[in-house]
Amino acid sequence: MSAAVKLTDVAMQFAVAKQHEGGHHRVLQGLTLEIQRGEKVGLIGRNGAGKSTLLRIIAGIFPPASGDVWRNPEMTVALLSLGLGFKSDLTGRENAFLAAMLQGLTRGAANKHMGAIGDFAELGDYYDEPVKTYSAGMRARLGFATGLLLETDILLLDEILAVGDNKFRLKARQALQEKVTEDRTIVMVHHAERAIRDMCTRAVWLEQGRVQMDGDVDAVLEAYGKAV
Amino acid sequence: MNYCSWGDSVQRYHLKIEISLNPAQFFSLVDTMARLSLRAEARRFYFGYFWWVLEPLLYVAVFWLVFEKLLGTRTPDFLMFLAVGKLTFIWFSKTVNTAANSLVNNAGLIARMDLPKMIFPAVVVLECSYRQIAVFVLLAIFILVDGRQPTAHWFWLLPIAVVQILLIVACAFIAALLVCISRDFVPLISLGTIFLMFMSGVFWDLNTLADEHAAELLVVLNPLAYLLDAYRQALLWQQSPDITHLAAVGAILVAINLFLVKVMQRYSRHIARRVISQ
């Protein structure tokens, strides 16, 4: 099995007001992690443990403050999180079209997906209404449906299953399950243990920006459950 | 600790939308974003797209009222003189001030996708340029209603506008980067464009400056002053602008823009970190 991502001694900090933490909030510190091609990894940890920051560093959205990040040059990667900054004055269809193009599709290819996205998001006539008229659930459903277009080797999922009612969640999980092919590497952040158990083969517990525990899903979830 | 090394993986990432590899796809994305942004803006206002021409018209009306009626300017044919200067200057000022916030206003998107960062100011430039087409049509109607005939000199409009776009792109990129470094630049950029309005001959003729050396220096140091004068030469005075100067300004701006594109590409992820952590 070849490596997909290697992080060595990675640290990350963000500037905050000078009176707090000396002006720098440390999100990750001394984090070392290796993920193999085809692995399905679940990231768990408390709020502020650095899970979403770690996904963004793996996605290459920003570099860490220090440390080494290596990603397999043969593999493409994308981060899927809900709501790609929808423009509230545009309709759901227009936002979906924009999201599709942002994900690298041509105009023609984006147009072909518009019907399927509207159907999946179950927006009905609201699909052609401005997003500012949507409920939070409708926005989340649209965000999930547009994100399903991603077809990359490494898929990073940030809390995307916390969407809609139970019926829609089940549909969303099934749709996502279709993307979890043997060769695709998945790194997902999710607060619900069940989603991690269902989809992941390995769990990594982050605590204060470091790897607290790494290994079998059941063992890590059990230890995490006792600690929180 | 070692500084982060991305190696070859950076080049492979988001291959489909990496501008250096596919300019057509980049332009298509920028064009879509600009058109949708214009559509969203039009929906916010009762008068919708009508504001594209209404706002510049009102600017001209206000300046005309103050300088012609209140202060009694001696510039001959002042209304047309002002219309050409103001309607072309607005293109510059509106774009640069809007582009200044283009990176920080898209922090949500930048936090989720590794897009080429120049997309954001580029969208603003294209958006304002689409509006400017309507303004140029309005300007042409203004001139024709004033009793002037179109002449061959009007063709100069195209190269002058191209050089102005190059100037706008350069200033828009610089403004967006500065605001990315610190939001304190927002009021400074706004003040800077007002200063430029006073220094570019929007409502006064730089050919009337008593000190010829000062006028020459102004034209050399401030390309906007030169461009506004060139527009008037072509549209109002049936003259050809100084082509050597126009070409030189254009060439320098192309070089500056290429440099800025490189900066945006080189520091793309650092820009993202800065925008997100602000």
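Residues numbered from 1 in each chain as written. Chains lettered and ligands numbered in written order. Predicted model: local features only at pLDDT ≥ 70, side-chain atom pairs only at ≥ 80, totals over all residues.

Novice: Go over the overall build of chain A with me, naming the residues and quoting the values.
Specialist: If you tally the helices and strands in chain A, you get seven helices and nine strands. In terms of overall dimensions, chain A is globule-like: its C-alpha atoms have a radius of gyration of 18 Å, near the 17 Å expected for 228 residues. Expressed along its principal axes, the backbone C-alpha trace of chain A runs to roughly 50 × 45 × 35 Å. Residues counted as buried form 48% of the 228 residues belonging to chain A. Considering only contacts within chain A whose residues lie at least 6 apart along the sequence, 69% involve residues at least 24 apart. (Helix = DSSP H or I, 4+ residues; strand = E, 2+ residues; numbered from the N terminus. Rg over C-alpha atoms; globule rule 2.2 N^0.38 Å. Buried ≥ 20, exposed ≤ 12 C-beta atoms within 10 Å, placed from the backbone. Contact = placed C-beta atoms within 7 Å.)

Novice: Requested: an account of the sheet that holds strand S2 (residues 24-36) of chain A, with residues and values cited.
Specialist: Residues and elements named next belong to chain A. Here three strands make up an open sheet; going across it, the order is S2-S1-S4 and the pairing antiparallel. Looking along the sheet, the strands with just one partner apiece sit at the ends: S2 and strand S4 (66-71). On average, adjacent strands in this sheet sit at an angle of 20° to one another, irrespective of strand direction. Note that strand S1 (residues 3-15) and S4 share five bridges and pair antiparallel. Bridge pairing in S4 places Thr8 opposite Asp68. Against the sheet, helix H1 (residues 51-59) contacts S1, S2 and S4, and its axis sits at roughly 125° relative to S1. (Pairing = 2+ DSSP bridges. Axes fitted to C-alpha atoms, helices over the stretch in contact; angles between N-to-C directions.)

Novice: Describe the sheet that holds strand S7 (residues 185-189) of chain A, with residues and values.
Specialist: Hydrogen bonds along the backbone pair up the strands of a sheet, which may run parallel or antiparallel. Residue and element names in this part refer to chain A. Across the sheet, which stays open at both edges, the six strands sit in the order S5-S6-S7-S3-S8-S9 with mixed pairing between neighbours. Across the chains shown, the open sheet's two edge strands, defined by having one partner strand only, are strand S5 (77-81) and strand S9 (210-215). Averaged over all neighbouring strand pairs, the angle between strand axes comes to 20°, with direction disregarded. Two elements, S5 and strand S6 (residues 154-158), share five bridges in a ladder whose sense is parallel. Bridge assignment links Leu79 to a residue of S6, and that residue is Leu156.

Novice: If you had to explain the confidence of the model for chain B to someone new, which residues and values would you point to?
Specialist: Interpretation of this model should avoid reading the predicted coordinates in detail wherever pLDDT is low. Residues and elements named next belong to chain B. Per-residue confidence for chain B gives a mean pLDDT of 88; residues scoring 70 or more make up 92%. Within chain B, helix H1 (residues 9-12) has the poorest average pLDDT of any element, 34, and helix H7 (residues 157-181) the best, 97. Contacts for the low-pLDDT stretch residues 1-21, under 50 throughout, to residues beyond four places or in other chains number 43 contacts. Among the scores for the predicted complex, ipTM is 0.81 and pTM is 0.86. (pLDDT = per-residue confidence, 0-100.)

Novice: I'd love a proper account of the packing of helix H3 (residues 51-70) of chain B against helix H6 (residues 119-145) of chain B, names of residues and values included.
Specialist: Residues and elements named next belong to chain B. Orientation of H3 relative to H6, taken along the N-to-C sense of each, is 60°, at an axis distance of 9 Å. Viewed along their axes, H3 and H6 adopt a mutual orientation that is oblique. Considering only the axes of H3 and H6, their crossing is right-handed. Counted together, Trp52, Val53 and Pro56 of H3 and Arg131, Ala134, Val135 and Leu138 of H6 form the full contact between these two elements. (Parallel < 35°, antiparallel > 145°, perpendicular 65-115°, else oblique. Left-handed = near helix turned anticlockwise from the far one by under 90°.)

Novice: Could you give an account of the nonpolar core, naming the residues involved and the relevant values?
Specialist: Counting residues in each nonpolar core, the largest one holds 148 residues, and the members touching the most others are Leu156 of chain A together with Ile168, Ala172 and Ala176 of chain B. No other element matches the 15 residues that H7 of chain B contributes to this core. Setting aside residues up to four positions removed in sequence, Leu156 of chain A forms contacts with Leu55, Ile58, Ala59, Val77, Ala78, Leu79, Leu80 and Val187 of chain A. (Core = buried A, V, L, I, M, F, W, Y, C linked by C-beta atoms within 7 Å.)

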